[in-house]
Amino acid sequence: MTKRSLMLAGGGLKIAFQAGVLQVWLDEAGIEFDHGDGVSAATFNLAMWVQGFSGTQIADNWRHFKPFAAVDVNWLQLLKLFYAESFFELSPFRKKFFREWGLDFEKIRASPRVGTFNVYNFSKHNLRPVETAELTEDLLIAAGSLPLWFPPVRIDGDTYIDAVLNTATNLEEAIRRGADELWVIWTTSQRGQWRNGFIGNFFGIFEATTNNAYKQVLARIAANNAAIERGAPGEFGRPIIVREIKSEVALHYLFNFNQRRFRDEVEHGVATARAWCDVNKIKR
């Protein structure tokens, strides 16, 4: 029996598009997944899926997202200038959005759905895929704590940060767990447009890191499949199918102040996924 993994790749606030895709894949097409993996802010969508939300519920949470209420400026740290811990804090997600969305960490930990929430343990320099039964609010916040912009989270004496600069989607973890099909929703820009200024440079580095790492794993999968077709064992020992939706999403990774644009990108995800299903002959 084919085993599918839902791969929710990191992409900052561009993942509103991802939520629209989930409405189509989960609800309209009725696709079921044996495992889900999330990186960076996409772990918020993963948490909703693991808890048992429908795709429409996930999409509606982003349709109603209020960007002005999303982050707090880390004023005390900004006084330290070049030695500041971060520009912003993610406390509004703890205090507001997780509750409004209906996230319940006890229900998540008790869920039969298998999820891996990637965080980077900076103290030990290890990528840590946190399993469903282990997930806490601190670990979920750590998964979205992009360095420089948000402070690291300290858990049991170790420092945790967003894993996105290590991997934007942990394809190897899904393969290790037995996935034969990787269903990827990719929102990081692949346009290759360099932007000047501090913010532009930072996210240019982000795009260079994530896109290159992703392409390297895809190349390994292609080599694996070619080897198996020739009768050789291949790196992963079985054919791996990658089903991918990727799009240039109009939202910025962090700086968006118009609620309507989030609704628009959710609908962009819905329309893109419907067209993708039609092309790939997946019934809705």
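It should be noted that the structure appears before, not after, this text.
Keep in mind the model is a prediction, meaning the values are calculated, not measured.

(A) Region of the structure containing the packing of helix α1 (residues 15-28) against helix α3 (residues 55-63). Running from N to C, α1 and α3 point in directions that differ by 155 degrees, and their axes come no closer than 7 Å. For the element pair α1 / α3, the angle class is roughly antiparallel. Between α1 and α3 lies a crossing of left-handed hand. Packed against α1, whose contacting residues are Ile15, Ala16, Ala19, Gly20, Leu22, Gln23, Leu26 and Asp27, the element α3 presents Gly55, Thr56, Ile58, Ala59, Trp62 and Arg63 at the interface. In terms of residue class, the contact of α1 with α3 is built from eight nonpolar, four polar and two charged.

(B) The arrangement of the packing of aromatic side chains in detail. Scanning all chains against the criterion turns up 36 aromatic pairs. The interplanar angle of 75 degrees and the centroid separation of 6.1 Å between the aromatic rings of Phe203 and Phe206 together place this pair among those described as edge-to-face. Pair noted here: Phe203 and Phe206 are both in helix α9 (residues 197-229), with a separation of three residues, about one helical turn. The exposure class of Phe203 is buried, given its relative accessible area of 5%. Aromatic rings pair up to connect Phe87, Phe88, Trp149, Phe150, Phe198, Phe202, Phe203, Phe206, Tyr253 and Phe255 into one cluster. Of note, Lys14 hangs over the ring of Tyr253, and the distance from its end group to the ring centre comes to 4.8 Å. Residue placement shows Lys96 over the ring face of Phe97; its charged tip is 5.7 Å from the ring centre.

(C) Summary view of the side chain of Thr43. You can see Thr43 is positioned in helix α2 (residues 42-51). Look at Thr43 and you get buried, because its relative accessible area is 0%. Residues in contact with Thr43, not counting those within four places in the same chain, are Gly38, Phe117, Asn118, Leu140 and Ala143.

(D) Region of interest: the pattern of salt bridges. Enumeration according to the criterion identifies 20 salt bridges in this entry. With its nearest N and O atoms 2.7 Å apart, the salt bridge here joins Glu173 to Arg177. For the pair formed by Glu173 and Arg177, the shared burial category is buried. The closest approach of N and O atoms between Asp180 and Arg238, which form a salt bridge, is 3.3 Å. Separated by 58 residues along the polypeptide, Asp180 in the loop between α8 (171-176) and β9 (181-186) and Arg238 in the loop between α9 and β10 (241-246) bring together distant segments of the chain.

(E) Quick peek at the pairing of β10. The sheet contact formed by β9 and β10 spans six bridges and is parallel. Bridge assignment links Trp183 to a residue of β10, and that residue is Arg243.

(F) Summary view of the environment of Thr132. In this structure, Thr132 sits in the loop between β6 (126-131) and α7 (137-143). Beyond its immediate sequence surroundings of up to four residues, Thr132 is in contact with Val50, Ile108, Arg109, Ser111, Arg113, Val114, Gly115 and Phe117. A polar side-chain atom of Thr132 sits 3.2 Å from the main-chain carbonyl oxygen of Arg113. One polar contact links the side chain of Thr132 to the main-chain amide nitrogen of Gly115, over a distance of 2.8 Å.

(G) Representation of the pairing of strand β8 (residues 158-162). Within β8, five of the five residues are buried, which leaves the element mostly enclosed by the surrounding structure. Looking at chain direction, strand β5 (residues 115-121) and β8 are connected through three bridges and run antiparallel. Directly across from Asn121, in β8, lies its bridge partner Tyr160. Direction of pairing for strand β7 (residues 153-155) relative to β8: antiparallel, over a ladder of three bridges. In the strand pairing of β8, Val153 is matched with Tyr160. Joining the antiparallel neighbours β7 and β8 is a turn of two residues, in which Asp156 adopts a positive phi near 50 degrees.

(H) Highlighting a nonpolar patch on the surface. On the surface, Leu81, Phe82 and Tyr83 cluster together into a nonpolar patch covering about 530 Å² of accessible area. For Leu81, the location among the structural elements is in the loop between α4 (75-78) and β4 (88-89). Given a relative accessible area of 65%, Leu81 falls into the exposed group.

(I) Here's a closer look at unusual backbone geometry. Here the phi dihedral of Leu148 falls at roughly 85 degrees; this positive angle occurs in a residue that is not glycine. In this structure, Asp156 is a non-glycine residue whose phi angle is positive, near 50 degrees. Mapped onto the fold, Asp156 is located in the loop between β7 and β8. Given the relative accessible area of 78%, Asp156 is considered exposed.

About the thresholds
Residues numbered from 1 in each chain as written. Predicted model: local features only at pLDDT ≥ 70, side-chain atom pairs only at ≥ 80, totals over all residues. Heavy atoms only, no water. Axes fitted to C-alpha atoms, helices over the stretch in contact; angles between N-to-C directions. Helix = DSSP H or I, 4+ residues; strand = E, 2+ residues; numbered from the N terminus. Parallel < 35°, antiparallel > 145°, perpendicular 65-115°, else oblique. Left-handed = near helix turned anticlockwise from the far one by under 90°. Contact = heavy atoms within 4.5 Å. Nonpolar A, V, L, I, M, F, W, Y, C, P; charged D, E, K, R; others polar. Phe/Tyr/Trp six-rings, centres within 6.5 Å; stacked < 30°, edge-to-face > 60°. Buried < 20%, exposed > 50% of the residue type's maximum accessible area, 1.4 Å probe, protein only. Lys NZ or Arg CZ within 6 Å of the ring centre and 35° of its normal. Salt bridge = Lys/Arg side-chain N within 4 Å of Asp/Glu carboxyl O. Pairing = 2+ DSSP bridges. Polar contact = N/O pair within 3.5 Å; in protein donor to acceptor, adjacent residues only side chain to side chain. Patch = residues over 30% accessible without salt bridge, like charges linked within 9 Å, V, L, I, M, F, W, Y side chains within 5 Å. Areas by Shrake-Rupley, 256 points an atom, 1.4 Å probe, with all protein chains shown as cover.

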